[in-house]
Amino acid sequence: MARITLSNLRHSYLDNPVSEDDWALKQLDINWEDGGAFALLGPSGCGKTTLLNLISGLLVPSQGDILFDGESVTNQTPEERHIAQVFQFPVVYDTMTVYDNLAFPLRNRKVSEDIIAQRVAEVAEMTDLTGMLNKRASGLTADGKQKISLGRGLVRTDVNAILFDEPLTVIDPHLKFQLRAKLKELHSRVSNTMIYVTHDQTEALTFADTVIVMNAGEVVQVGTPKDLFEKPAHTFVGHFIGSPGMNILPCNIDNGKAYLGSSQIKTDNRATKGVTNAEIGVRPEFVSFESKGLDVKITKVNDVGRFKIVEVDLMGHSVKLLMGEEQSIPAENAKIEFNPKFTRIYANSHLCEQER
Ligand code: ADP
Ligand code: MG
């Protein structure tokens, strides 16, 4: 197990990158604490797999260093780095039995057969493969084969980190839920450094203690699921995480304070002098109907079971509110308020860091 540091890292698949867009990964500086459960979350094409392959050594970075426990491994092969990696699609030896597939990474390292038997039994139990150990891998469904891939990633106990690249893509939805819970449980048991790549916020937020949100080759925020929800550092995090995402409304700034029309909006932060493209960000959870507040027109009510999503028009902008089933929607003269503790000013998409 190791602490992983990415220092001044950049990567381009081109020989001579020129524009910013030529870089699949822009400047990265991250420290992944030893033994943590991390998720790399972001939309397709944002650079998650590139980053994972740089950490495992399948790719060599165009610039910068990768360090394990402070020592550079940038020029080491994946074998030398002792990394287990589970890919998006199954990689199995079809002609071997499930048992032999799971045993493979251990046999490669000359582990004794009795320890292998014990580890394979444990991992088979975890991945729900116990009844199939003597079957040939070729006879399994895509689901089953991916469980073998997962098992192979988990079977070694001497790795620096286990990397998962969207490993549940081909797995059937209810098994997905079960396997995700098992990975989480496994992490708390063995406390191996685990990095889990996904584009699915639920997967990231349930698995990880620390989530790294990426967009267009950049890290936009590193934080706990609570941080990402309560204090998005970037409007991208605000709308990518949450369902529905954060309301983002263009506003005017006067003396550090935010205004919508002539109404001042109380916020948790202040805008720094001379900011441009100012916006107010507030999650639907922190908007409520009140007897006093901003006049709105209700445009849509969407009942989604345990709660309602209400859409209102505020000075020509759409704002969403999340309400409990029992809360009532005003029949006329609807007014809303934003909870000031969770309402913030953003400038050029970034959170203004100045406190009130
Ligand atoms: P993600 O895993 O988040 O979907 P990737 O890391 O696969 O993103 O891709 C990041 C960017 O790098 C994308 O623009 C993608 O097209 C590009 N890219 C990925 N792999 C290669 C490759 N082997 N050659 C050239 N470009 C690539
Ligand atoms: Mg990918």
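These remarks concern the structure in this document. (Residues numbered from 1 in each chain as written. Chains lettered and ligands numbered in written order. Predicted model: local features only at pLDDT ≥ 70, side-chain atom pairs only at ≥ 80, totals over all residues. Heavy atoms only, no water.)

**Some points on the overall build of the protein chain**
Here is step 1 of the chain: Within the protein chain, the secondary structure is distributed over nine helices and 24 strands.
Here is step 2 of the chain: In terms of overall dimensions, the protein chain has a C-alpha envelope of 75 × 50 × 30 Å along the principal axes.
Here is step 3 of the chain: The 356 residues of the protein chain split such that 47% are buried.
Here is step 4 of the chain: Sequence-distant contacts in the protein chain: of pairs separated by 6 or more residues, those separated by 24 or more amount to 66%.
Here is step 5 of the chain: With an accessible surface of roughly 17100 Å², the protein chain has 48% of that area assigned to carbon and sulfur atoms.
Here is step 6 of the chain: If the 37 positive side-chain charges of the protein chain are averaged to one point and the 46 negative ones to another, these points end up 3 Å apart. (Helix = DSSP H or I, 4+ residues; strand = E, 2+ residues; numbered from the N terminus. Buried < 20%, exposed > 50% of the residue type's maximum accessible area, 1.4 Å probe, protein only. Contact = heavy atoms within 4.5 Å. Areas by Shrake-Rupley, 256 points an atom, 1.4 Å probe, with all protein chains shown as cover. Lys, Arg positive; Asp, Glu negative; His and termini not counted. Charge placed at Lys NZ, Arg CZ, Asp CG, Glu CD.)

**A few points about helix H3 (residues 98–107)**
Here is step 1 of the chain: Here H3 lies mainly inside the structure; seven of its 10 residues are buried.
Here is step 2 of the chain: Along H3, the positions that sit buried rather than exposed are Val98, Tyr99, Asn101, Leu102, Ala103, Pro105 and Leu106.

**Considerations on a negative patch on the surface**
Here is step 1 of the chain: The grouping of Glu33, Asp34, Asp69 and Glu71 at the surface amounts to a negative patch.
Here is step 2 of the chain: You can see Glu71 is positioned in strand S5 (residues 71–72). (Patch = residues over 30% accessible without salt bridge, like charges linked within 9 Å, V, L, I, M, F, W, Y side chains within 5 Å. Salt bridge = Lys/Arg side-chain N within 4 Å of Asp/Glu carboxyl O.)

**What to know about empty space enclosed by the protein**
Here is step 1 of the chain: Evaluated as defined, the whole model comprises two cavities of 30 Å³ or more.
Here is step 2 of the chain: Volume-wise, the largest cavity comes out at about 40 Å³.
Here is step 3 of the chain: In terms of lining residues, the largest cavity is bounded by Met126, Thr127, Leu150, Leu154, Leu179, Lys182, Leu183 and Leu186.
Here is step 4 of the chain: Those elements giving two or more residues to the lining of the largest cavity turn out to be helix H4 (113–127), helix H5 (142–154) and helix H6 (173–190).
Here is step 5 of the chain: Here the lining of the largest cavity gets four residues from one element, more than from any other, and that element is H6.
Here is step 6 of the chain: Its residues placed into classes, the lining of the largest cavity shows six nonpolar, one polar and one charged.
Here is step 7 of the chain: What the second largest cavity holds in volume is close to 30 Å³.
Here is step 8 of the chain: Lining the second largest cavity we find Lys231, Asp268, Asn269, Arg344, Leu351, Cys352, Glu353 and Glu355.
Here is step 9 of the chain: Per-class residue counts for the lining of the second largest cavity are two nonpolar, one polar and five charged. (1 Å grid on protein atoms, 1.4 Å probe; cavity = no way out; pocket = protein on both sides within 12 Å on 5 of 7 lines; lining within 4 Å. Points joined across faces, edges and corners; volume = space filled by probe spheres on them. Nonpolar A, V, L, I, M, F, W, Y, C, P; charged D, E, K, R; others polar.)

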